Amino acid sequence: SQKIEQNSEALNIQEGKTATLTCNYTNYSPAYLQWYRQDPGRGPVFLLLIRENEKEKRKERLKVTFDTTLKQSLFHITASQPADSATYLCALPISSGSARQLTFGSGTQLTVLP
Amino acid sequence: NAGVTQTPKFQVLKTGQSMTLQCAQDMNHNSMYWYRQDPGMGLRLIYYSASEGTTDKGEVPNGYNVSRLNKREFSLRLESAAPSQTSVYFCASSDFDGYSEQYFGPGTRLTVT
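Predicted, not measured: the structure shown is a model, and the values here were computed from it.

Peer 1: What exactly am I supposed to notice about the overall build of chain B here?
Peer 2: Secondary structure summary: chain B contains zero helices and 11 strands in total. Computed over C-alpha atoms, the radius of gyration of chain B comes to 13 Å, within 12% of the 13 Å expected from 2.2 N^0.38 for 113 residues, which places it in the range of a compact globule. Considered along the principal axes of its C-alpha atoms, chain B spans approximately 40 × 30 × 25 Å. Sorting the 113 residues of chain B into buried and exposed places 49% on the buried side. Excluding contacts between residues fewer than 6 apart, the proportion of contacts in chain B whose partners are at least 24 apart in sequence is 55%. Summed over its atoms, the accessible surface of chain B is roughly 5100 Å², and 48% of this surface lies on carbon and sulfur atoms.

Peer 1: Even after reading the chapter, I still don't get the layout of surface pockets, so can you show me in this structure?
Peer 2: Gaps left between atoms show up when a probe the size of a water molecule is rolled over them. Estimated volume of the largest pocket: approximately 750 Å³. Taken together, 33 residues make up the lining of the largest pocket; nearest its centre are Gln38, Pro40 and Gly41 of chain A together with Gln37 and Arg109 of chain B. Elements that contribute at least two residues to the lining of the largest pocket include exactly strand E9 (86-93) and strand E11 (108-113) of chain A together with strand E4 (31-38), strand E9 (87-94) and strand E11 (108-112) of chain B. A per-element tally of the lining of the largest pocket places E11 of chain B first, with four residues. Across the lining of the largest pocket, the residue classes break down as 11 nonpolar, 16 polar and six charged.

Peer 1: Is there a simple way to think about the side chain of Ser75 of chain B in this case?
Peer 2: On the secondary structure map, Ser75 of chain B appears in strand E8 (residues 74-78). Take Ser75 of chain B: its relative accessible area is 7%, and that puts it in the buried class.

Peer 1: So what exactly am I meant to see when it comes to the state of the cysteines here?
Peer 2: When the sulfur atoms of two cysteines share a covalent bond, that bond is a disulfide. Residue and element names in this part refer to chain B. Following the criterion strictly, the structure yields two disulfides over all chains and no others. Here Cys23 pairs with Cys91 through a disulfide, and the sulfurs are 1.9 Å apart. Measuring the twist about the S-S bond at about -70°, one finds the Cys23-Cys91 disulfide to be left-handed. Taken together, the residues Cys23 in strand E3 (residues 19-25) and Cys91 in strand E9 connect sequence positions 68 residues apart.

Peer 1: I would appreciate a short explanation of the interface of chain A and chain B in the present structure.
Peer 2: Interfaces are frequently sized by the accessible area removed from exposure as the parts join. Taken together, the contact between chain A and chain B spans 22 residues of the former and 25 residues of the latter. When the two sides are added together, the surface that chain A and chain B hide from each other amounts to roughly 1800 Å², 57% of it contributed by carbon and sulfur. The tally of links from chain A across to chain B stands at zero salt bridges. Applying the counting rule to chain A against chain B returns three residue pairs in polar contact (both at pLDDT 80 or more). Looking at the side of chain A that touches chain B, the elements that each hand over two or more residues are strand E4 (32-38), strand E5 (45-51) and strand E10 (102-104) of chain A.

Peer 1: What is the right way to read the sheet that holds strand E7 (residues 62-67) of chain A from this model?
Peer 2: Hydrogen bonds along the backbone pair up the strands of a sheet, which may run parallel or antiparallel. Residue and element names in this part refer to chain A. If you trace the five strands from one edge of the open sheet to the other, you get E1-E3-E8-E7-E6, paired in antiparallel fashion. Only two strands of the sheet have a single neighbouring strand rather than two, namely strand E1 (3-6) and strand E6 (56-59). Along the sheet, successive strands turn relative to each other by an average axial angle of 15°, direction set aside.

Peer 1: What am I meant to see in the nonpolar core here?
Peer 2: For soluble globular proteins, the rule of thumb is that nonpolar side chains tend to be buried together. If you look at the biggest cluster of nonpolar residues, it comprises 23 residues, and the most contacted ones within it are Leu33, Trp35, Phe75, Ile77, Tyr88 and Leu110 of chain A. Elements supplying a minimum of two residues to this core: strand E3 (19-26), E4, E5, E7, strand E8 (72-77), E9 and E11 of chain A. Setting aside chain neighbours within four positions, we find Tyr88 of chain A in contact with Gln6, Leu21, Trp35, Tyr36, Arg37, Leu47, Phe75, Ile77, Gly107, Thr108 and Leu110 of chain A. In this structure, Val4, Val66, Leu76 and Leu78 of chain B belong to the second largest nonpolar core, which totals 20 residues.

Peer 1: So what exactly am I meant to see when it comes to the packing of aromatic side chains here?
Peer 2: Centre-to-centre distance and the angle between the planes together describe a pair of aromatic rings. Under the defined criterion, the tally for this structure stands at 12 aromatic pairs over all chains. Note on Tyr64 of chain B and Tyr89 of chain B: the rings are 5.9 Å apart at their centroids and 65° apart in plane angle, and the pair reads as edge-to-face. With a gap of 25 residues between them, Tyr64 of chain B in strand E7 (residues 64-68) and Tyr89 of chain B in strand E9 connect regions that are remote in the sequence. The buried category is assigned to Tyr89 of chain B, whose relative accessible area is 0%. Put simply, the rings of Tyr36, Phe46 and Phe104 of chain A together with Tyr33, Tyr35, Phe90 and Phe104 of chain B touch in pairs and so form one group of aromatic residues.

Criteria and cut-off values
Residues numbered from 1 in each chain as written. Chains lettered and ligands numbered in written order. Predicted model: local features only at pLDDT ≥ 70, side-chain atom pairs only at ≥ 80, totals over all residues. Heavy atoms only, no water. Helix = DSSP H or I, 4+ residues; strand = E, 2+ residues; numbered from the N terminus. Rg over C-alpha atoms; globule rule 2.2 N^0.38 Å. Buried < 20%, exposed > 50% of the residue type's maximum accessible area, 1.4 Å probe, protein only. Contact = heavy atoms within 4.5 Å. Areas by Shrake-Rupley, 256 points an atom, 1.4 Å probe, with all protein chains shown as cover. 1 Å grid on protein atoms, 1.4 Å probe; cavity = no way out; pocket = protein on both sides within 12 Å on 5 of 7 lines; lining within 4 Å. Points joined across faces, edges and corners; volume = space filled by probe spheres on them. Nonpolar A, V, L, I, M, F, W, Y, C, P; charged D, E, K, R; others polar. Disulfide = S-S within 2.5 Å. Buried area = accessible area lost by both parts, 1.4 Å probe. Salt bridge = Lys/Arg side-chain N within 4 Å of Asp/Glu carboxyl O. Polar contact = N/O pair within 3.5 Å; in protein donor to acceptor, adjacent residues only side chain to side chain. Pairing = 2+ DSSP bridges. Axes fitted to C-alpha atoms, helices over the stretch in contact; angles between N-to-C directions. Core = buried A, V, L, I, M, F, W, Y, C linked by side-chain atoms within 4.5 Å. Phe/Tyr/Trp six-rings, centres within 6.5 Å; stacked < 30°, edge-to-face > 60°.

Pasting the structure below:
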């Protein structure tokens, strides 16, 4: 079955540094991958989508890479700020069924320390 | 434009009671989803509706039923609540194309005692 692993449950970094979060997957070749942000007590919010033929995608201080050979996506936040503290989820489309189903990783909780 | 709304925000049920969680979206999306989120387990898909008039089971459908009332509304029903259904429930919607992101509601925190 398809499996998604995000590198760690929690990551603490110092303000101003670059945070790097990892999403690994197995038994699957997704056409794209998405990243979401979730704040405590709220629903996830979409951040970025990267397609299988794209090596890298950027949006302001966010950068996502997608290595289909390694079956891995890296999510970077540069010049991190305490406001970036949240849980970040990666999501892959499920290979069967109708609609646009996604399988989500369990998330990495990022804390940016001032 | 409210996006995805869910009611109620919080609910406490006794084992065996029933209830319906309501979800509505105002973005004219075709597809809607119900997830549950438990600590350490991420989001798991309960049911989804690709378009008005269709519903399909997701990863964890047992103990739940859904109704796609119209294009805007998608409800989730617990017929006989069990403590294992204590969770946070999220509704989401998306447009019907290849790469659409999902838009989530604020969630319903359900406790079954």
